[in-house]
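Remarks on the overall topology
Here is how the chains run, residue by residue.
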Amino acid sequence: MVRPELRICRDAEELAGRAAEIIAAAARNSIAERGRFTLVLSGGSTPQKTYSLLGTGDIGTAIDWRSTFLFLGDERFVSVDDPASNFGMARRSLIDHVAVPPSNVFPMPTDGPDAADGARRYGETIGRFFHVATDSLPPPCFDLVQLGLGDDGHTASLFPGNPSLSVTDRWVTASPPGRLPPSLDRITMTFPILNRARLVLFLVTGEKKAAIVREILEGQPAVEKYPAAGIRLTEGKVTWLLDEAAARLLTSRA
Ligand code: 6PG
């Protein structure tokens, strides 16, 4: 398993700037090496500052958005105009401000009957994009998967004790809501495809996350308990960007 790299920032502001720089550097390298950059965005509140910096700050102007392809790692089963929509947040903070062609943007479908339908269709979208059979193994590799950490240890919409944790034969699955609000059905990428990323970038801020951060980075918690512990890459790189508050219980900062 790849050992995670840890970077500690003074506060959420600094973290957003560092995250935007990491994303811009990954875009440059991916486009230089493979001609395109595939980026998986998360929901939650932490990445909004980073997305805004990419959308309206100088750092975003350095990205070749025409060669950038945007996906979502998870979504709440609501319309894109709903304030709870992850895609809606990404659109308002980032997508609306940059020259990414609409055909390069892949929201998770929430216009069908249920989250299971959306999950199935998103798996097909990913298969078509990478020109491979849907759900084939090993899954395709995204260049950068950005993730968050919930107060209960979830990541993407992989919640503690949820059946989505043990899905190994699909890239995307439906998930019932976790215990934390908002209580909405979800669509989420699964461990097999998340763990194929070339780079996983966790963005975590705030004191409330400190104990879980320590347990995940310094202990060996069960994935059932803290699903973020299931992000275990065998190749590639995992970077945890933490602010001081989230890092405060770590005994080792190496
Ligand atoms: C979601 C997410 C989720 C998020 C974490 C952290 O849809 O809610 O994608 O996995 O990343 O809950 O959220 P915060 O950044 O708000 O703490």
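As the structure is a computational prediction, the values presented were derived from the model and not from experiment.

Some details on the packing of aromatic side chains
Taken as a whole, this structure holds eight aromatic pairs when the rule is applied. A ring pair is formed by Phe 71 and Phe 106, whose centres lie 4.7 Å apart and whose planes are at 15°; its orientation type is stacked. With a gap of 35 residues between them, Phe 71 in strand β3 (residues 68-72) and Phe 106 in strand β5 (residues 105-106) connect regions that are remote in the sequence. When its relative accessible area of 0% is taken as the criterion, Phe 71 is described as buried. Taken together, the ring pairs in this structure connect Phe 69, Phe 71, Phe 106, Phe 129, Phe 130 and Phe 142 into an aromatic cluster.

Concerning the site of the ligand
Surveying the vicinity of the ligand reveals 15 residues, the closest of which are Ser 45, Thr 46, Asp 74, Ala 156 and Lys 209. In this structure, Asn 86 approaches the ligand through a side-chain N or O atom, which is 2.8 Å from an oxygen atom. With respect to the ligand, the side chain of His 154 contributes an N or O atom lying 2.9 Å from an oxygen atom. The fraction of the free accessible surface of the ligand (420 Å²) that becomes covered by protein chains is 89%. Of the residues assigned to the shell around the ligand, the class counts are two nonpolar, nine polar and four charged.

Quick notes on the sheet that holds strand β7 (residues 172-175)
With respect to topology, three strands assemble into an open sheet ordered β4-β8-β7, the strand pairing being antiparallel. Every other strand in the sheet has two partners, leaving β4 (74-76) and β7 as the edge strands with one partner each. Taken pair by pair, the neighbouring strands of this sheet meet at an average axis angle of 15°, ignoring direction. Of the strands in this sheet, β7 and β8 (186-189) touch helix α5 (residues 115-130), which is tilted by about 165° from β7.

Parameters at a glance
Residues numbered from 1 in each chain as written. Predicted model: local features only at pLDDT ≥ 70, side-chain atom pairs only at ≥ 80, totals over all residues. Heavy atoms only, no water. Phe/Tyr/Trp six-rings, centres within 6.5 Å; stacked < 30°, edge-to-face > 60°. Helix = DSSP H or I, 4+ residues; strand = E, 2+ residues; numbered from the N terminus. Buried < 20%, exposed > 50% of the residue type's maximum accessible area, 1.4 Å probe, protein only. Near = heavy atom within 4 Å. Polar contact = N/O pair within 3.5 Å; in protein donor to acceptor, adjacent residues only side chain to side chain. Areas by Shrake-Rupley, 256 points an atom, 1.4 Å probe, with all protein chains shown as cover. Nonpolar A, V, L, I, M, F, W, Y, C, P; charged D, E, K, R; others polar. Pairing = 2+ DSSP bridges. Axes fitted to C-alpha atoms, helices over the stretch in contact; angles between N-to-C directions. Contact = heavy atoms within 4.5 Å.

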